[in-house]
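Spelled out, the chains give:
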Amino acid sequence: MRRILPVFPRAFFCLLIVTLFSVAANAQFKASLQGTVTDPAGGVVQGATVTLTNNETQRTQTATTNDEGFYRFSALSPGSYTVTAEQTGFRKSAVENYNIKAEETQGLDLTLSTGEISETVTVTGEQAQPLQTENANISATISTQEVRGLPQVGRDPYELARLTPGVFGNAARSSNGNSQRLPGVEGPGGSNTSIFQTENQVQITANGQRVSANNFQIDGVSVNSLGQGGAAVVTPNQESVKEVRVLANTYSAEDGRNSGAHVQVVSQNGTNEFHGSAFFKYNSPSLNAFNRFPTPERVEQRFRQFGGSIGGPIVKDRLFFFFSYEGVRNNNSAFRNNVVVETPEFREYVRRVRPNSLAARLFGTEGIEPRIQSVVVTPCPPGLPPGSVCQQVGSGLAIGSLNLARPTGFYYGFNPVLNGSNQSGGGLDGIPDIQFVNLFVPNLTRGDQFNTRFDYKQGENQFALSTYFTRLNNLVGSSNGRSIGDTSFKPLNSAATLTFIRPLTATAINEARFNFTRFAFNQVDSSSTANFGIPFFNIFDFDTPVRCCLNIGAERTDTNPGIFAQNTYEFSDTVTVVLGNHAVRFGGLIRREQDNNNLQGGARPLFQFSSFFNFANDAVQFESIDIDPRTGGQAIGQRYFRTGDYALFVQDDWKVRPNLTLNLGLRYEYFSPLSEKEDRLSNYLLGSSELSAGIPTGRVQVVDRLFEPDRNNFAPRLGFAYSPNFGERFGGLLNEGRAVIRGGFGIAYNRIANSVL
């Protein structure tokens, strides 16, 4: 069935492509600076020249105040700047080391005193840092120093989001060090594998919104997971982060896709000065103390975390580079104590007595032997009287025999209650069947992340390319210590962003972005020792006090083995125009999402046995497998899901007065219904509109989309920021510049996560 985009997305796509090629411009940053230039009496100064200089790259921009004394600079990178204002008949005013924060509109009003223009009045940026006077957003910016100085689990910068206003977070960790999810939250959790967490679902909630409603961006574009809401597929290393802005709620129509926290990361860029960093962390068992209770032992963890960065000019004032790297090596192999396993003698006995059984074929498979670190010699436990139903043979226990006719049903071979106190299967034969052991379970992690960035300036135009490549190699040993069940997880997560900036006129600038994000891995190819060709065996021996439990084979879930391939293509274009004391931004976004996962793990059989000898005699208690109900054959887990996000917005930041700003915006968001490229999408349809009558007569039917489209997602936004001036009343605390009253209203729409199979 041919897929046709709805009329609106097709027309919108064409409009944006025309815009892109007509202006040949694209942009990187969303920070801006605006304000009013006044004289000592509070009157506006028209025609003043305001100059903004980036202290890191020496890039200079100029603006001229309009009839309202208003000026604005857009598409600014975070960092240290010098702001100067000059006009004939006034002294030159300069603000040095003024800090522009990431992805935020800041206000800086300048006052020119009368005098010769050759005279300069200078203040430092620290003295001039204003309150948040330009919008009603509840947000905070996490600086480079804070990212590198504050403690974070796994050096994950996203962990700092819970420190910002309006955000509540759970920093708890479970006994194995993994993230403790908030109540009612299902998902992968956060920072479980440092910055190499494949889908990093940071446990934060903004203003009561769900964790799945959070949104993650790097350099202005999405790095969100397609299957898990509120999770990022790229987590930047600390060295690559310049600033992180966290919006608990936003009243700007430019922000969409989610109603929760917006975590916006800006990556580091090169400057005219060479700068770099390096770090190294080292954990070794030889450095760990012994825990004396209950038995002397210590943490057997070999952990290495290291990395660094370097950045600087390639061509001074024009071309810059930045590179960062972080790696981790973790050997956290563990031991499982007092685990019941079958003995080598029993495996050989089953292969000889039941040569055609499932158990015999399983015991003849390479890698079936458990990794035994030591054998724990254990006498017959209470409830299994020695000599009747149990016999200690060497380091193992004999608990029965297979010398009976092959049963046709459930065979409770050695249950003393059902078979009499002197029954043990076919009798004790002197062959040890089980033994208690300490197992060795390997768990190895190797991760590498590479980040690069290039910035190029050609006249007033700028170009930037930033990339992240994250490779994880995680070996997860079978819980029963058998290499036949060891699985490897080797995803490659990546993001690349191409950016430009180009002024259109003296009061207009065009911004756009193109981004590609991908999360992919093939567990079948990466797990060299796992045997996915055999079923997964569960043996629950509920019939004796031994109560042994054996899980043999690679773990069986829909995602194990998993073949994942998730792609996101994104293009956006925004134009900013200064009209009087209005800063108007308008533009749109196209985001196409491809979820090409193959979740076929359930096509492997699951066999469960109620006792140890039932397993040996092929007396299966429970079987499970995913099949195609139309053919009875193997189920097809491959899907090619397609979704899209299309948005248009207009935002007017209106400087009504020097101490009053209104933020007026409207956003339109369209999330296309979930579809499937190969028509492998089905849904349960009611037989009638009445629920009680429709369920019995309902049916599962192949559909071309999972739900009907909703084209009514209009999201108005309104905010204001007011700096009152009440003179000496209230002790002067509510004077302009010392207090801000802010408020707002907004509607947002959430994208539905594609975790549907």
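Residues numbered from 1 in each chain as written. Predicted model: local features only at pLDDT ≥ 70, side-chain atom pairs only at ≥ 80, totals over all residues. Heavy atoms only, no water.

**Considerations on the packing of aromatic side chains**
As enumerated under the stated definition, the model contains 22 aromatic pairs in all. Each ring, one from Phe 346 and one from Phe 363, has its centre 6.3 Å from the other, and the planes form 75°; the classification is edge-to-face. Residue Phe 346 is located in helix α4 (residues 344-353), and its partner Phe 363 is located in helix α5 (residues 358-363); the two are separated by 17 residues in the primary sequence. With a centroid separation of 5.9 Å and 70° between ring planes, the pair formed by Phe 537 and Phe 615 is classed as edge-to-face. (Phe/Tyr/Trp six-rings, centres within 6.5 Å; stacked < 30°, edge-to-face > 60°. Helix = DSSP H or I, 4+ residues; strand = E, 2+ residues; numbered from the N terminus.)

**Observations concerning the sheet that holds strand β15 (residues 221-222)**
A sheet is described by the order of its strands in space; here five strands give the open sequence β10-β16-β17-β14-β15, paired in mixed fashion. Single-partner strands in this sheet number two, and they are β10 (138-142) and β15. Across six bridges, the pairing between strand β16 (residues 241-249) and strand β17 (residues 262-267) is antiparallel. Bridge assignment links Val 246 to a residue of β17, and that residue is Val 263. (Pairing = 2+ DSSP bridges.)

**With respect to the side chain of Asn 215**
Positionally, Asn 215 belongs in strand β14 (residues 215-218). Under the relative-accessibility criterion, Asn 215 is labelled buried at 3%. At 2.8 Å, the side chain of Asn 215 and the side chain of Asn 224 are in polar contact. A polar side-chain atom of Asn 215 sits 3.4 Å from a polar atom in the side chain of His 262. When sequence neighbours within four positions are dropped, the list of residues in contact with Asn 215 reads Asn 224, Gly 256, Arg 257, Asn 258, Ala 261, His 262 and Val 263. (Buried < 20%, exposed > 50% of the residue type's maximum accessible area, 1.4 Å probe, protein only. Polar contact = N/O pair within 3.5 Å; in protein donor to acceptor, adjacent residues only side chain to side chain. Contact = heavy atoms within 4.5 Å.)

**Considering unusual backbone geometry**
Glycine aside, the phi torsion of most residues is negative, and most peptide linkages are trans. Following Asn 560, the chain continues into Pro 561 via a peptide bond in cis, with omega recorded as 0°. Looking at the secondary structure, you find Pro 561 in the loop between β32 (549-552) and β33 (563-579). The backbone phi angle of Asp 317 is positive, close to 70°, even though this residue is not glycine. Structurally, Asp 317 is set in the loop between β19 (302-315) and β20 (319-331). With a relative accessible area of 30%, Asp 317 lands in the partly exposed category.

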